[in-house]
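Geometric and topological summary
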Amino acid sequence: MSLMPLDPVSTLMLEEAGPLPDRVLVLDDPEGNLVAAVADAGVQVRAWNDDVRDEAQVPVDARLTGPFTGWSPDLVLWRLPRALSALEDYAQTLANDLPPHARVIAGARIKHMTPGQNAVLRRSFAEVSASLGRQKARVLRASGPLPTAPRWPQRRYVPELGVTAVAHGSVFATNRLDPGDAPAAADARARHR
């Protein structure tokens, strides 16, 4: 992999991580540069991107296509999502799947961070702390996964469509209809008459 310059968030995440352990999971790496940097360090790296456009930036052999079956990371480098529901969804999944010794380094631009993110992480990890900000970036460090029954995905019957909607935390409007869905609901009612 070719190493491209890292943005301030990725740079801070790597610095906060310290020496990289044997297995690193990278979550939501928009350009694939963090995955490349970790791979160039000579460790096993896997990546998961919620956005398929971002996934296309990651080499096929580094893509994680499902749960940590037979492969478990020692460190997670994670670009924090803006939505607290997405943060909760990821955090619960990580807490249920990570080994007890694993650490999480989650970063974002400061303008997209809130104290609520710390509270969400504390429900899934025993220890949560924040770094000092640098170049308008900051990271949250989490360790001590606390496995719990996940709230995600959430299911809800949508009578207007006659279907059960299933959604993860990063889905807009979760499992409810939004104004853009109204025409689809009207079409569905018309077809079923």
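Residues numbered from 1 in each chain as written. Predicted model: local features only at pLDDT ≥ 70, side-chain atom pairs only at ≥ 80, totals over all residues. Heavy atoms only, no water.

A word on helix α2 (residues 33-40)
Our working definition: The buried label applies to any residue whose accessible area, calculated with a 1.4 Å probe on protein chains only, is under 20% of its type's maximum; exposed applies above 50%, and partly exposed to all values in between. Helix numbers and strand numbers start at the N terminus; a helix is a DSSP run of H or I with at least 4 residues, a strand a run of E with at least 2. Residues count as neighbours in contact if any of their non-hydrogen atoms are within 4.5 Å of one another.
Across the eight residues of α2, six count as buried, placing the element largely inside the fold. Tucked inside the fold, the buried residues of α2 contact α1 (8-17), β1 (23-27), β2 (44-48) and β3 (75-79). Phi turns positive, to about 85°, at Gly42, one or two residues after α2.

Looking at the nonpolar core
Inclusion rule: The term nonpolar core refers to a set of buried residues drawn from Ala, Val, Leu, Ile, Met, Phe, Trp, Tyr and Cys, joined through side-chain atoms within 4.5 Å.
Core analysis: the largest hydrophobic core is formed by 24 residues, its most contacted members being Val76, Trp78, Leu94, Val104, Leu121 and Phe125. At the level of secondary structure, the elements contributing two or more residues to this core comprise β1, β3, α4 (84-97), β4 (103-109), α5 (115-122), β5 (125-130) and β6 (137-145). For this core, the element with the highest residue contribution is α4, accounting for five residues. Leu34, Val38, Ala47 and Val58 belong to the second largest nonpolar core, which has 19 residues in total.

Let's talk about the sheet that holds β6
Hydrogen bonds between backbone groups are what pair the strands of a sheet, and the pairing can be parallel or antiparallel. To keep it simple, the criterion reads: Here the rule is simple: two strands pair whenever DSSP picks up at least two bridges between them. To get an axis, a line is fitted to the C-alpha atoms, and for a helix only the part in contact is used. The angle between two axes follows their N-to-C directions and goes from 0 to 180 degrees.
The strand order β2-β1-β3-β4-β6-β5 describes an open sheet built from six strands, whose pairing is mixed. At either end of the open sheet lies a strand with only one pairing partner, and these are β2 and β5. Adjacent strand axes in the sheet meet at a mean angle of 20°, parallel and antiparallel pairs treated alike. Of the pairings in the sheet, the one linking β1 to β2 comprises five bridges and is parallel in character. Residue Leu27 lies in a different strand from β2, and its bridge partner there is Trp48. Where α5 meets the sheet, it contacts β3, β5 and β6, and its direction lies at approximately 155° from that of β5.

Comments concerning the packing of aromatic side chains
To describe a pair of aromatic rings, one takes the distance between the centres and the angle between the planes. Defined as follows: For Phe, Tyr and Trp, rings pair up if their centres lie within 6.5 Å, where Trp contributes its six-membered ring, and each pair is then called stacked (planes under 30 degrees apart), edge-to-face (over 60) or tilted (otherwise).
Scanning all chains against the criterion turns up one aromatic pair. Aromatic pair Trp78 and Tyr90: ring centres 5.5 Å apart, planes at 40°, arrangement tilted. Of the two residues, Trp78 is situated in strand β3 and Tyr90 in helix α4; the sequence distance between them amounts to 12 residues. You'll find Trp78 and Tyr90 in the same group, each marked buried.

Let's talk about the pattern of salt bridges
In plain terms, the rule: What counts as a salt bridge is simple: a side-chain nitrogen of Lys or Arg found within 4 Å of a carboxyl oxygen of Asp or Glu.
This model, assessed by the stated rule, comprises five salt bridges. One salt bridge in this structure joins Asp7 and Arg79, with 3.0 Å as the shortest N-O distance. Here Asp7 is found in the segment before α1, whereas its partner Arg79 is found in strand β3, with 72 residues between them in sequence. The exposure class of Asp7 is partly exposed, given its relative accessible area of 29%. Here Arg123 makes a salt bridge to Glu88, at a shortest N to O gap of 3.7 Å. Taken together, the positions of Arg123 in the loop between α5 and β5 and Glu88 in helix α4 put the pair 35 residues apart, joining distant regions of the chain. What makes Glu88 buried here is its relative accessible area of 9%.

In short, shape yes, function no, at least from these values alone.
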